[in-house]
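Listed here are the chains, written in short residue letters.
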Amino acid sequence: MPSPLRIAVLASGRGSNLAALLTARDRDELKAEFVLVASDRPDAGALRLAEAAAIPTLVLDPKAYPDRRAFDLELFGKLADSGAELIVLAGFMRILDGEAIAPWTGRMLNIHPSLLPKYRGLHTHRRALEAGDLEHGASVHFVTAELDGGPVLAQAVLPIEPGEDEQRLAQRLLPLEHRLLPAVVALVAQRRLVWRDGGPWLDGAPLGAPMRLSTQGLESA
Ligand code: GAR
């Protein structure tokens, strides 16, 4: 049995995806040790959750640094110091500097609220509605220097209901995110999902297409 995966989480907001990871750990569905929760915002709910769970926290103020690279080099230096083996971006709302994150290639995941490659960046729910899409969803991907552009590992798909608005769509998607992210992180913790030869591998073979979340959990495409 592999040792618990040392995870650091970056979050800018309320932290419901962090909460889902902690719940998965508490239920023994995720063998992990949370070594740090870091944020660019002192008021992030994620920090309060971490404090309540006795996880070390870190806040860095981007305004205290001359530029993005200086901030990111400091942040990712601190993440390295934490001993983290995996970084999870759980609602971290900053663009990352390619040089600062290069050492973390294959060791950093992001959850993004769209069916990537659709709708990188912001306002994903609104954009899916405006486009008249029939389906929306969330993706977990390995982070590369390209914004929301790294290899997609798994997706949760949600049919869009006629007449629903942005807020309702986001609200209906969130519980799927809360199942998707821990399920992918658990595969990494089991050392079943790894980065090898420049891409994701699952159970000893290259991951051809993103896995899909069903009621049973993650399924291969
Ligand atoms: C989640 O919906 C996540 O997918 C999104 O931010 C929200 C964070 O919620 N992430 C992004 O938009 C990243 N580009 P939370 O703080 O409650 O986990």
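This text follows the structure it describes.
This structure is a prediction, so every number in the text was calculated from the model and none was measured.

What counts and what doesn't
Residues numbered from 1 in each chain as written. Predicted model: local features only at pLDDT ≥ 70, side-chain atom pairs only at ≥ 80, totals over all residues. Heavy atoms only, no water. Pairing = 2+ DSSP bridges. Helix = DSSP H or I, 4+ residues; strand = E, 2+ residues; numbered from the N terminus. Axes fitted to C-alpha atoms, helices over the stretch in contact; angles between N-to-C directions. Contact = heavy atoms within 4.5 Å. Phe/Tyr/Trp six-rings, centres within 6.5 Å; stacked < 30°, edge-to-face > 60°. Buried < 20%, exposed > 50% of the residue type's maximum accessible area, 1.4 Å probe, protein only. Lys NZ or Arg CZ within 6 Å of the ring centre and 35° of its normal. Near = heavy atom within 4 Å. Polar contact = N/O pair within 3.5 Å; in protein donor to acceptor, adjacent residues only side chain to side chain. Areas by Shrake-Rupley, 256 points an atom, 1.4 Å probe, with all protein chains shown as cover. 1 Å grid on protein atoms, 1.4 Å probe; cavity = no way out; pocket = protein on both sides within 12 Å on 5 of 7 lines; lining within 4 Å. Sits in = over half its atoms within 2 Å of the grid points.

**As for the sheet that holds strand β1 (residues 5–10)**
Backbone-to-backbone hydrogen bonds join strands into a sheet, with any given pair of strands oriented parallel or antiparallel.
Item 1. Pairing is mixed in the open sheet, where 9 strands are placed in the order β3-β2-β1-β4-β5-β6-β7-β11-β12. In this open sheet, the two strands that pair with only one neighbour each are β3 (57–59) and β12 (217–219). Within this sheet the neighbouring strands show an average axis-to-axis angle of 25°, counted without direction.
Item 2. Against the sheet, helix α1 (residues 16–26) contacts β1, β2 (32–39), β4 (86–89) and β5 (108–112), and its axis sits at roughly 165° relative to β2.

**Structural notes on the sheet that holds strand β8 (residues 193–196)**
Item 1. Strand order in the open sheet made by the 3 strands is β8-β9-β10, with antiparallel pairing throughout. The open sheet has two free edges, formed respectively by β8 and β10 (205–206), since each of these has just one partner strand.
Item 2. In the sheet, β8 pairs with strand β9 (residues 199–202) via 4 bridges, with the strands oriented antiparallel. Bridge assignment links V194 to a residue of β9, and that residue is W201.

**Details of the packing of aromatic side chains**
Item 1. As enumerated under the stated definition, the model contains 2 aromatic pairs in all.
Item 2. A centroid spacing of 5.4 Å and a plane angle of 80° characterise the contact between Y65 and F71, whose relative ring orientation is edge-to-face.
Item 3. Between F142 and W195, the ring centres sit 5.2 Å apart and the planes meet at 90°, which makes this aromatic pair edge-to-face. Here F142, found in strand β6 (residues 135–142), pairs with W195, found in strand β8; they are 53 residues apart in sequence, far enough to count as distant.
Item 4. What makes F142 buried here is its relative accessible area of 1%.
Item 5. One residue, R107, lies across the ring of W104, its end atom 4.2 Å from the ring centre.

**Structural notes on the site of the ligand**
Item 1. As a matter of local geometry, the ligand sits amid G13, R14, G15, S16, N17, G91, M93, I111, H112, P113 and E177.
Item 2. With respect to the ligand, the side chain of R14 contributes an N or O atom lying 2.5 Å from an oxygen atom.
Item 3. At 3.4 Å from a nitrogen atom of the ligand is found a side-chain nitrogen or oxygen belonging to H112.
Item 4. Calculation on the ligand without its partners gives an accessible area of 450 Å², and the protein chains cover 88% of this total.
Item 5. Mapping the ligand onto the cavity grids shows that it belongs to the largest pocket.
Item 6. Those elements giving two or more residues to the shell around the ligand turn out to be α1 and β5.

**A short note on the side chain of H112**
Item 1. Relative to the helices and strands, H112 resides in strand β5.
Item 2. With relative accessibility at 5%, the residue H112 sits in the buried group.
Item 3. Those residues within four positions of H112 in sequence are excluded, and the remaining contacts are Y119, R120, G121, T124, G137, A138, S139, H141 and D148.

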